[in-house]
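Residues per chain are reported as follows:
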Amino acid sequence: MSEPISEQDKIRNKRLAKLGNAPSKQAADAPSDPPISSLPAQPILSSSTPQPSIQSSAQPVEISQNPFQQLGLGNATPLHPTQSNIRTEARVAKSHEAEANPAVKETLEEWEHKTLSSIFRLTLDESREQDFLGHKLQYVPGVAQELQEQDMPMLLNLTILEQAILEAASNTIETPFQYMLGCWKRVSKQYRTVRTKNDEQKLSIVREARRICMSYCIFAVTMADTMFGRDTPSSSPLVHHLLINPDDDHGLCHDFLQEITSRFAEDETAVEVMVTAVEHLSRQLAQSTMNDNYKPYVLALRHLVRYPALVSAITQSPLFLPDNTEAGAFEVETLLGPFFQLSPLQASVTNQYFSSPKTRDNAYITQSQNALRMTLRTHQQELFDIVNHIVKTAKEPRERMLDWFARCININHKRRALQVDKKTVSSDGFMINVTVCLDQLCEPFMDAAFSKIDRIEVDYLRRNPRIEIKDETKLNADQSMSDEFYSQVQSGQNNFISEIFFLTLAGHHYGTEAVHQSLSQLEKELKYMEKHIAALEADREKFVNNQAQLTMFDRAVAKHKANLDRALSYKLAVQGVLLDDLTQTRSMQFMRYVIVWLMRLVSADHEFPRRPLQLPLPEEQLEVFRCLPEYFIEDVVDNFKFITRNMPQIITTTQSDEIVMLCVTFLRSSAYIKNPYLKAGVVTILFYGTWPLYGRGKGVLGDILNNLPFANEHLLHALMNFYIEVENTGAHTQFYDKFNIRYEIFQIIKCVWSNAIYRDRLSREATVNLDFFVRFVNLLLNDVTFVLDESLSAFVKIYDLQNLLESPEGAALEPSERADKESALSDAEGKAKSYMQLTNETVAMLKLFTSALAESFTRPEIVQRLADMLDYNLDTLVGPKSSQLMVRKKEEYGFNPRTLLSEITDVYLNLADKENFILAVARDGRSYKAENFEKATSIFQRWSLKSAEEIQSWKDLNEKFRKAKESDDQLEEDLGEIPDEFLDPLLATLMTDPVTLPTSKTVMDRTSITQYLLSDGRDPWNRAPLQLSDVIPNLEMKEKIEAWKAERMQQIRAEKAAAAATTEITVEDTAMDTAMDTS
């Protein structure tokens, strides 16, 4: 009665039967041959081949102790019968003779024995330790004994091969898999050799040996304990061999991987073996950094993904994309995560590249960053090769790969939070690698002609997209509108180009652009840390008398310094990664495609770039555009801001065209974007693009702005429009934000002002778009007045604080109180510097405008406001207030009073020929003072600020002002009391150009209502909406006023004539009386 079979044996038998009964699929180029078991027992040789002199017995001899034949694994040619009276020694000697003497004709059985012995390094002769090539052989006594007991020839053959392998692998010094892998290398080599010799019988033997060898390779991995009596290793035995070069004796060669993957369809165990190996490979790499020997892991995976069946298998692994993986663990818990987390931004790597960063010079830092970039660039290329092979394998692996990218993006939305907890999101290095890989996947469809731009379907976002955009801020839609729009699911299938395009755009937002944001935040934190450490060190003297406290204090300071070093090292590493020409060129190329896609979407005919874009854009905005996530434009803006500021040299002329068109388009049709700060970013791109560079005096965009017809036509209006718009941004910081934005606008205008086209455009705005032009100029004048006032107020505070801190009284202040005063001084200095810079730029811009367009700036709607501003600032610089500007080191604040005075007087001189300007200055009752002009003249002469001709022109202008003032005062006196109906109801001055307001029917002077509407767009009397273009000229009232003035002047002239006549008679009478008295 047989013993019961254990559960372990049942599992083993089941696997053996599966492997033994189904011969593996051969390589594509191998001929299809029947298995060895289908060949006849006696080999059939050609007629010319001598038959071996071996007689057959009635039945083949069975070896009772071979369990694998009982399981059906052998399935090979049965043992050839032998003569029972031949001694064992003779059989062994014959086999040796065949090996040693090639002249002796070798039988097929002898060739089989020799070949199998060489392949598996086996011997049936205990005294024989090496083969004729010197390779060590392993004696298999169990097999030899059974052959001897059964009186079988001492020859290895396929029937006993499996028992021999089992015995050898169980007793080898190597691990079973190492032994089997060596056998595989040799059997594959033999297979290639025999296949070329057109010997079908030998080929069949080697093919079957090859199949058996692979089966036992799999057993060695999966059943090392039950089959070979070895301990099961904690990780797959294949991992070690995957890390070795495939061409090495211990590496997994192409033949091995091709054979094992060919079994995937029939053998789940083969799938398990390889997938488990890749999973363990990933797990081991998860503990590594770029400081470790990571390269073999990456090369191993890169090699493995060249096998389509394996790619399909590993992408179906639960580890490839586990459910519910948190963002912080995604890069270590997913199969591909550890490969993408490798980066110079890992903490240990940054500390190695940039150790003791504060002590390193720029040359060392630059060299380290270059080395860092080269290492990362190579790694990112290898990552792309891996992903590209997965994507190209088949549809299912491609979908899984896209799912992996989508998951790592969707779980990292917190990376764009104002305060980011690094533990809850994926690392910067990981996300940068993901973004770079996505950029490379986009390259095939991003041709220069944009021929595939129409393949990017905006309906993707309404076809259950992989990216999550529900909670994203939209370009010009609220949440309810967005939810309603995206609830309307569209039919159809998303193509790969659309999938990868939108994934890449989201990848930039949460990847590289998020790193740009964190880098800016880190720079602020570094400044704070340095300031804090300096403050701590200043307090050290407080603890010098207490050694214990001093020790604790020094430890605390050392800890802060160590944190500072780590943060600074990380900053340098991030800069090294981001400032890579190749990476940013790819990024910019993708963003260029995004720009064209956006412009195509908003164009009236949706045919851009095949047809030119027409501005302004249609007033009716497409709902699909309004509901796009805001980051679709934000990423473009942030990307080009970073590049134009840090590495403008990589921007090409072609790329410049599209970015300029984007900026102009959304500044010209600004209603398309709701967020004013996003539009401000567009201005910043142009501003950075006009910074002078070596060999490019107008920056990377200056020439484009001057020469691109699209910019010539629309840029100036677009900038003026946004200059007005930023007056009210809706943010609590809008009052200060607007000055920074307007400063950038000034710089752009200065860059293009030498082009006569732009001067003509400004003149056209003053003529055909008067309301718009007046609002622009009014804000310009307001800015000059405000920023100069703020600067001068800061100077007064600076002057007082400087004197206080340097006085004995200041020296006696308590440390805390003195610190407060010093802080107040620092704040005042910063404020003065910022406002003074804006003052200088605004005055310079006003000078440019008035020199080219004097007529436009002396229109009735503008001229009085301009004159009042100039008189006020002149009085500030040379009048009584000027004594308060005596601060030390004025140049540190950008304040040069004499230069500023010269600039302001240039504006006066630009308008010197305009009578209405002269009259407006004379009528300024608040700030016009003739002595101010005289003092300015003396300053010019003393400091040689003007040429003799300019000084004479200034004196002549001053004389014109004086005469105009006298004349106007006389006129006012002559007119006397003015009828109420002729007075402006707001200013109580005589109306010169009366207009009627359309809704309230109130009559006002045009100048008065113009000034009012600049700050309030409503009728002052009934609060109805009102624009300057809506007012109605009141010609009847104007005629009445002119008639009254004429009548009044005629009356005055008559009175003066009568008075003159009376005076003449009196003089004559007096003369006559005098004459008579004399006589």
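Residues numbered from 1 in each chain as written. Predicted model: local features only at pLDDT ≥ 70, side-chain atom pairs only at ≥ 80, totals over all residues. Heavy atoms only, no water.

**Examining the overall build of the protein**
Point 1. Secondary structure summary: the protein contains 44 helices and five strands in total.
Point 2. For the protein, with 1079 residues in total, the buried portion stands at 51%.
Point 3. Nonlocal contacts in the protein, meaning residues at least 24 apart in sequence, comprise 76% of its contacts between residues at least 6 apart.
Point 4. When the accessible surface of the protein is split by element, carbon and sulfur atoms take 50% of a total near 50800 Å². (Helix = DSSP H or I, 4+ residues; strand = E, 2+ residues; numbered from the N terminus. Buried < 20%, exposed > 50% of the residue type's maximum accessible area, 1.4 Å probe, protein only. Contact = heavy atoms within 4.5 Å. Areas by Shrake-Rupley, 256 points an atom, 1.4 Å probe, with all protein chains shown as cover.)

**Some points on helix α33 (residues 756-768)**
Point 1. Given a rise of 1.5 Å per residue, 13 residues ought to cover 18 Å, and the 18 Å separating the end C-alpha atoms of α33 matches this to within 8%.
Point 2. Residues of α33 that are buried: Y758, R761, L762, E765 and A766. Projected down its long axis, α33 carries its buried residues within an arc of 140°, all on one side. Turned more than 90 degrees off the buried face of α33, the exposed positions are T767 and V768.
Point 3. For α33, the N-terminal capping position is held by N755, with its side-chain oxygen 3.0 Å away from the main-chain nitrogen of I757. (Expected span 1.5 Å × (residues − 1). Arc of directions from axis to C-beta. Polar contact = N/O pair within 3.5 Å; in protein donor to acceptor, adjacent residues only side chain to side chain.)

**Digging into the pattern of salt bridges**
It is possible for side chains of opposite charge to pair when their charged atoms get near one another.
Point 1. Overall, the coordinates contain 46 salt bridges when judged by the stated rule.
Point 2. Taking the shortest distance from any N to any O, the salt bridge between R302 and E382 comes out at 3.9 Å. Of this pair, R302 sits in helix α13 (residues 295-304) while E382 sits in helix α18 (residues 362-393); the two residues are 80 residues apart in sequence, bridging distant segments of the chain.
Point 3. Across the pair D483 and K470 runs a salt bridge whose closest N-O atoms are separated by 3.5 Å. Here the residue D483 occupies a position in helix α21 (residues 479-486), and K470 occupies one in the loop between α20 (428-442) and α21, the gap between them amounting to 13 residues.
Point 4. Because the salt bridges share partners, they merge into one network encompassing K295, R302, E382 and D385. (Salt bridge = Lys/Arg side-chain N within 4 Å of Asp/Glu carboxyl O.)

**Some details on the environment of K395**
Point 1. Relative to the helices and strands, K395 is located in helix α19 (residues 395-410).
Point 2. For the pair K395 and S312, spaced 83 residues apart in sequence, the C-alpha separation works out to 9.6 Å.

**Topic: the packing of helix α8 (residues 200-222) against helix α12 (residues 268-285)**
Point 1. Where α8 contacts α12, the two axes come as close as 10 Å, and the packing angle between them is 55°. Classified by the angle their axes make, α8 and α12 are oblique. The chirality of how α8 crosses α12 is left-handed. Contacts from I218, V221 and T222 of α8 reach α12 at T269, A270 and V273.
Point 2. Residue classes in the contact of α8 with α12 are distributed as four nonpolar, two polar and no charged. (Axes fitted to C-alpha atoms, helices over the stretch in contact; angles between N-to-C directions. Parallel < 35°, antiparallel > 145°, perpendicular 65-115°, else oblique. Left-handed = near helix turned anticlockwise from the far one by under 90°. Nonpolar A, V, L, I, M, F, W, Y, C, P; charged D, E, K, R; others polar.)

**What to know about the packing of helix α29 (residues 676-689) against helix α31 (residues 709-725)**
Point 1. Two elements in contact, α29 and α31, have axes separated by 11 Å at closest approach and are oriented at 135°. Accordingly, the angle class assigned to the pair α29 and α31 is oblique. Both α29 and α31 take part in a crossing whose hand is left-handed. When α29 is examined against α31, the residues P676, K679, A680, V683 and L686 are found in contact with a partner set consisting of L715, F722 and E725.
Point 2. Of the residues in the contact of α29 with α31, the class split is six nonpolar, no polar and two charged.

**Overview of a nonpolar patch on the surface**
Point 1. The grouping of L986, L987 and W1021 at the surface amounts to a nonpolar patch, some 300 Å² of accessible area in total.
Point 2. By the secondary structure assignment, L987 is in the loop between α42 (948-975) and β3 (994-996). (Patch = residues over 30% accessible without salt bridge, like charges linked within 9 Å, V, L, I, M, F, W, Y side chains within 5 Å.)

**Observations concerning the sheet that holds strand β5 (residues 1032-1033)**
Point 1. Taking strand neighbours across the sheet as the criterion, the three strands line up as β4-β3-β5 in an open arrangement whose pairing is antiparallel. Looking at which strands have only one partner, the edges of the open sheet turn out to be β4 (1003-1005) and β5.
Point 2. Relative to the sheet, helix α43 (residues 1006-1013) contacts β3, β4 and β5, its axis offset from that of β4 by approximately 85°. (Pairing = 2+ DSSP bridges.)

**Quick look at helix α22 (residues 496-510)**
An α-helical turn contains 3.6 residues, so any two residues separated by three or four positions project in the same direction.
Point 1. Look at α22: 21 Å from first C-alpha to last across 15 residues, which is about the 21 Å you get at 1.5 Å a residue.
Point 2. For α22, the buried fraction is high: 14 of the 15 residues fall into the buried class.

**Quick notes on unusual backbone geometry**
Point 1. The peptide bond linking F608 to P609 adopts the cis configuration, its omega dihedral lying at 10°.
Point 2. Between L615 and P616 the backbone carries a cis peptide bond, its omega angle lying at 0°.
Point 3. Looking at where P616 falls in the secondary structure, it is placed in the loop between α25 (581-602) and α26 (623-626).
Point 4. With a phi angle near 60°, D151 is a residue other than glycine that sits in the positive phi range.

**Considering the packing of aromatic side chains**
Point 1. One pass over the structure, following the stated rule, counts 52 aromatic pairs.
Point 2. Relative to F430, the ring of F330 has its centre 6.2 Å away and its plane inclined at 70°; by these criteria the two rings are edge-to-face. Highlighted residues: F330 in helix α15 (residues 327-333) and F430 in helix α20, separated in sequence by 100 residues.
Point 3. Residue F330 is classed as buried on the basis of its relative accessible area of 0%.
Point 4. On the basis of an interplanar angle of 65° and a centroid distance of 5.1 Å, the ring pair of Y723 and F776 is categorised as edge-to-face. Placement of the pair is Y723 in helix α31 and F776 in helix α34 (residues 770-805), with a sequence separation of 53 residues.
Point 5. Residue F776 is classed as buried on the basis of its relative accessible area of 1%. (Phe/Tyr/Trp six-rings, centres within 6.5 Å; stacked < 30°, edge-to-face > 60°.)

**Focus: the side chain of R373**
Point 1. Tracing the sequence through the fold places R373 in helix α18.
Point 2. For the buried R373, which has no salt bridge, the nearest side chain bearing the opposite charge is D580, at an N-O separation of 4.5 Å.
Point 3. A polar contact of 2.6 Å, which involves the side chain of R373, links it to the side chain of N370.
Point 4. Polar contacts involving the side chain of R373 include one to the main-chain carbonyl oxygen of G576, which spans 3.0 Å.
Point 5. When residues no more than four places from it in sequence are discounted, the contact partners of R373 are Q575, G576, L579 and D580. (Lys, Arg positive; Asp, Glu negative; His and termini not counted.)

It is worth stressing that arrangement in space is one thing and function is another; only the former is reported here.
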